[in-house]
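Breakdown of the fold
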Amino acid sequence: MASLGLDRVGVETLRGVGPQLAIKLKKLGLYSLQDLLFHLPLRYIDRTQITPIGGVQPQSEVVIEGEIRASDLVFGRRRSLVCRLQDNSGTTTLRFFHFSRAQQERLKAGALIRCFGEARRGKSGIEFYHPEYQHLDKDHPKSLDDALTPVYPATEGVTQTRIRDLCSQALKKLDNQSIDELLPPLPESGLSHQLSFSLVGALKLLHNPPPGTALNLLACGEHPAQQRLAAEELVAHNLSLLRLRQRIQQQQAPILSEDKIAKNSLLKQLGFNLTSAQNKVIAEISTDIKSAIPMLRLVQGDVGSGKTVVAAMAAVQAIANGSQVALMAPTEILAEQHRINFEKWFKPLGIRIAWLTGKIKSKAREAQLSAIANGSAKMIIGTHALFQETVVFNNLGLSIIDEQHRFGVHQRLALRQKGFDPTSTLSEHGSAPHQLIMTATPIPRTLAMSAYADLDCSVIDELPPGRKPVDTLVLSNIRRNDIIERVRASCIAGRQAYWVCTLIEESDVLEAQAAEVTANELKLLLPQLSVGLIHGRLKPKNKLEIMEAFKSGEINLLVATTVIEVGVDVPNASLMIIENSERLGLSQLHQLRGRIGRGSQASHCVLLYSPPISGNGNARLKIMRETTDGFKIAEKDLELRGPGEVLGTRQTGEMQLHIADLQRDSHMLADIKIIAGYVLINHPDNVDSLIHRWLGHSEKYAQA
Ligand code: ADP
Ligand code: MG
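Throughout what follows, the structure given in this document is the object of discussion. Numbers given for residues are sequential positions, taken from 1 along each chain in its written order. Labels follow written order: the first chain is A, the first ligand is 1, and so on. Reporting of local features is limited, given that this is a predicted model, to residues whose pLDDT is at least 70; pairs of side-chain atoms are given and counted only at 80 or more, and all residues count toward the totals for whole chains, interfaces and linings. As a convention, hydrogens and water are excluded, and side-chain values are obtained from all of the structure's heavy atoms.

This part covers the sheet that holds strand β15 (residues 456–460). Two strands make a pair as long as DSSP finds a minimum of two bridges between them. Secondary structure elements are taken from DSSP: a helix is a run of H or I of four residues or more, a strand is a run of E of two residues or more, and numbering for both begins at the N terminus. Spatially, the seven strands line up as an open sheet ordered β11-β12-β10-β13-β14-β9-β15, and their pairing is parallel. The strands lining the two open edges of the sheet, one partner per strand, are β11 (353–356) and β15. On average, each strand axis in the sheet is inclined to that of its neighbour by 20°, with strand direction left out of account. The pairing of strand β10 (residues 324–328) with strand β13 (residues 396–401) spans five bridges and is classified as parallel. In the strand pairing of β13, M328 is matched with I401. Lines fitted to the C-alpha atoms define the axes, with helices restricted to the stretch that makes contact. Angles between their N-to-C directions range from 0 to 180 degrees.

Next up, the structure:
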C-alpha cells in the first residue's frame, strides 16, 4: 500500500480521538498528523534523575528524595502543613495547603518520600509548595522515568497527558509513513550544519528526547534538532512573504515615466536643496515606478531625515502621468500635517488635494469622496479611513504608507486582509498601484531581511545639513524643580518645549489623566507661560487646534502624551522633558526625541526617571545619552528587548514563530534569505507545502 503523507492523515485516525476531541484539536489548528508533529514542546521536565537537596537551584523543577525530619501544622494566614525534608546533602521545606488527615499522618517525621516540584526561594531557604510526592519503601526502590517529559503549549480543553499521547501516536507513524523533506539538498550554504540533521530525526528527538539529551541546549533552543526546525520555519516565513510579493508583482501597475519639469517645479517650492541621500532614494523610486511591475519599496529614514519630500517627489511623478496618489498616515495629527505641507507644495502646481479621515462626516465627506471618485483630486491624504470600502479611486497609481512602524510590521499584511489594501481596491480594474512604505524606525539589517522579505529597501542615511544633534541628559525626578526652572528660562528666551507624560500601561484614559495632572501642576508653577495639553482622548479638531497654536508659538510649553511620537514638526521647539523615561523602549524614546533638534538652535532632551532604576533601565538611558544614531539605537533595542518589541509585533501577536526566535537565530537570517530564494525558484512545488506546514490554517500571508 502506498503510504499517505502525514499531512493528509487526519487526527481522527488516532486512537482515542472522537468527533468532540477532533473539534477541539482543530480549534488549535491541529488537523493532520503533520500538524501534531509540528506542535512542538515548549519545554521539558526531567524526572529521570534525583537532585541532591543541597544542589537544588531556585526556579528549577526537580525530583528530590529524603527523610522527613519534622512535620508541623502552622496556623498563619492559611493553615498549612510544613515538613522539613533532609538527605545527606541538605534540607528543604515542603508546604502543603490542602491535605487530608490521612496524608498529614503519613507525612510525619521519619517518613521517606520522593517529591517532584518547582523550587522557590522562601523565608527559610529553598521551599516547595505542594510538590507531587510518593512514599518510598527502602526494600522496594521505585524506578524513575527513563525519558524527559515534554510540556506542550497550553491547549484549552485538551490535557497535557492527552496531547502527549496523541503526539507519541503520531510519532510512531513516522516509522512507516512519510513526511516530506521539503528543504531540498542545497548548494553550499552557511546552514549546512543546521540542515544536516534529518527532519524525522529532529521531530523524534524533540517530542521524545532520550535520556542524556543536553537539557541546557534544549532549554535555550540551541539543540541541533531545534536549529534544524527553526531554519525550516524561518524559510517558510520568508517564503510566505516572497509568495505575497510574487502575487502582487504578477499584476500590472501603471507605467509612470519621469517628468523633469514637474519635479523641478516642486523643487522650486521647497526652499532647500535635497540631500544626496534623498536624491538617491528618489531616483530608486523613480526607476521602480517607470516599470509596469508594481513597486514594493520600504524607505527607512531616521526621524527628521526628510521622508515627506521624498514621498512628494514620487507623488509628483505619478500625478504628471495622470495617476492618483494616496498617502496614508497612522494618526489624524500626522495626516493633517501632511495635508498642510502638500497644500503648500502642490497648490502652486495646480494639483488638487482630497482629505479624508474617520472624523470627516456627511456632506464634507461626500464632497471628498466624489472628488476622489471622479478623479478631480489627484493627491489624496488621510488616515486609514482612505482604504475603506466607500472610497473608490478613479485611477490610483501610487499608494504611500507613512510611519509604518505605528501599524506594526505585520499589521501591514493584516491591512491587506481587512480590505484596506490599495491593491485589492484596484484589482477589479486589473491594475495594481505601486506601493511605497516609509518608516522612521530603523530596523536592524538582519531583522529587516526577514520581516520585510517582500519589500525592496531604501535607506535615507543622512540628515539635512545644519541640524545640531540633541544633547541628552538623564536626571532623577528629585531634580524636577530644576528642570521646571530650565523650561521657564528657555521659553522666556523665545524657545518652546514639550513635556511628555508616559505610562507603562497602554491606556489612553490613564495616560490622559496623568498628562492632565502634570499640565495643571506646570500651569501653577509657570504662570508666565502659556501651557497647552494634548492627548489621545481629545477630539481631533481640538488636537489640531492645539498643534496649530503650538506651531504658531502661541503655546510655549506643550504637555503631551506619546501621541506626539511621530511626525510632528515644530522647529522652534528645542527642549523636551520625558517623564518615566526608564519605562519606554529605546525606539520610542528615539522617536520622541526626534521631535526636537529640527531647528537651528541647540536642543536638549531631559530623560527623567524615578529611582530606583533597574540595571536594564539604566543601560537603556545610557545609550540614549550616548548616541542619536537611530540604527545604533535599534540594534541595542533588539539586544535589550527582543525582536517582538522592535518590530511592534508583540501586542498584535502576529508573526508567531513556533520554534525559531528572530533574536537567538539572527545569525541564520542571511542564509535563510538565500535558501528561501533558492526554493522559490528551483522547487516551486515545495513552497505552498512549507508555508502550510509552518503557518498552517491560520496562515495569513498567502491569502493576502
Ligand atoms: P521625517 O523623515 O521625519 O518624516 P520630514 O519629512 O518631516 O522628516 O522632514 C523634517 C523637516 O526637515 C521638515 O521641516 C522638512 O521640510 C525639512 N527638510 C527635509 N529635507 C530637507 C533638506 N534636504 N534640507 C533642509 N530641510 C529639509
Ligand atoms: Mg515623517
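The next point concerns the packing of helix α8 (residues 224–249) against helix α25 (residues 684–695). In a packed pair of helices, the relevant descriptors are the angle between the two axes and the axis-to-axis distance. At a minimum axis separation of 8 Å, α8 and α25 run at an interaxial angle of 115°. Relative to α25, the element α8 is oriented roughly perpendicular. Like other packed secondary-structure pairs, α8 and α25 cross with a definite hand, here left-handed. Of α25, the residues touching α8 (which contributes L229, E232, E233, V235, A236, H237, L239, S240 and R243) are P684, V687, D688, L690, I691, R693, W694 and L695. Any residue outside Ala, Val, Leu, Ile, Met, Phe, Trp, Tyr, Cys, Pro, Asp, Glu, Lys and Arg is labelled polar, Gly included; the first ten of those are nonpolar and the last four are charged. Within the contact of α8 with α25, the residues separate by chemical class into 10 nonpolar, two polar and five charged. Note that the term roughly parallel is reserved for angles under 35 degrees, roughly antiparallel for angles over 145, roughly perpendicular for angles of 65 to 115, and oblique for everything else. For any pair of crossing helices, the crossing counts as left-handed if the nearer helix is rotated counterclockwise from the farther one by less than a right angle, and right-handed if it is rotated clockwise. Here, residues are in contact when the closest pair of their heavy atoms is within 4.5 Å.

We define proximity as follows: a residue is near a molecule or strand when any one of its heavy atoms falls within 4 Å of that partner. Neighbouring residues of ligand 1: 16 residues in total, closest G304, K307, T308, R467 and D569. Whenever a nitrogen or oxygen atom comes within 3.5 Å of another N or O atom, the pair is scored as a polar contact, on the condition that within protein one atom can donate a hydrogen and the other can accept it, and that pairs from neighbouring residues in sequence are kept only if both atoms are in side chains. T308 places a side-chain nitrogen or oxygen 2.6 Å from an oxygen atom of ligand 1. Separating an oxygen atom of ligand 1 from a side-chain N or O atom of R467 is a distance of 2.7 Å. Using a 1.4 Å probe, accessible areas were evaluated by the Shrake-Rupley method; residue-level cover was limited to the displayed protein chains. For ligand 1, the accessible surface in isolation is 570 Å², of which the surrounding protein chains cover 84%. Of the residues in the shell around ligand 1, the class split is four nonpolar, seven polar and five charged.

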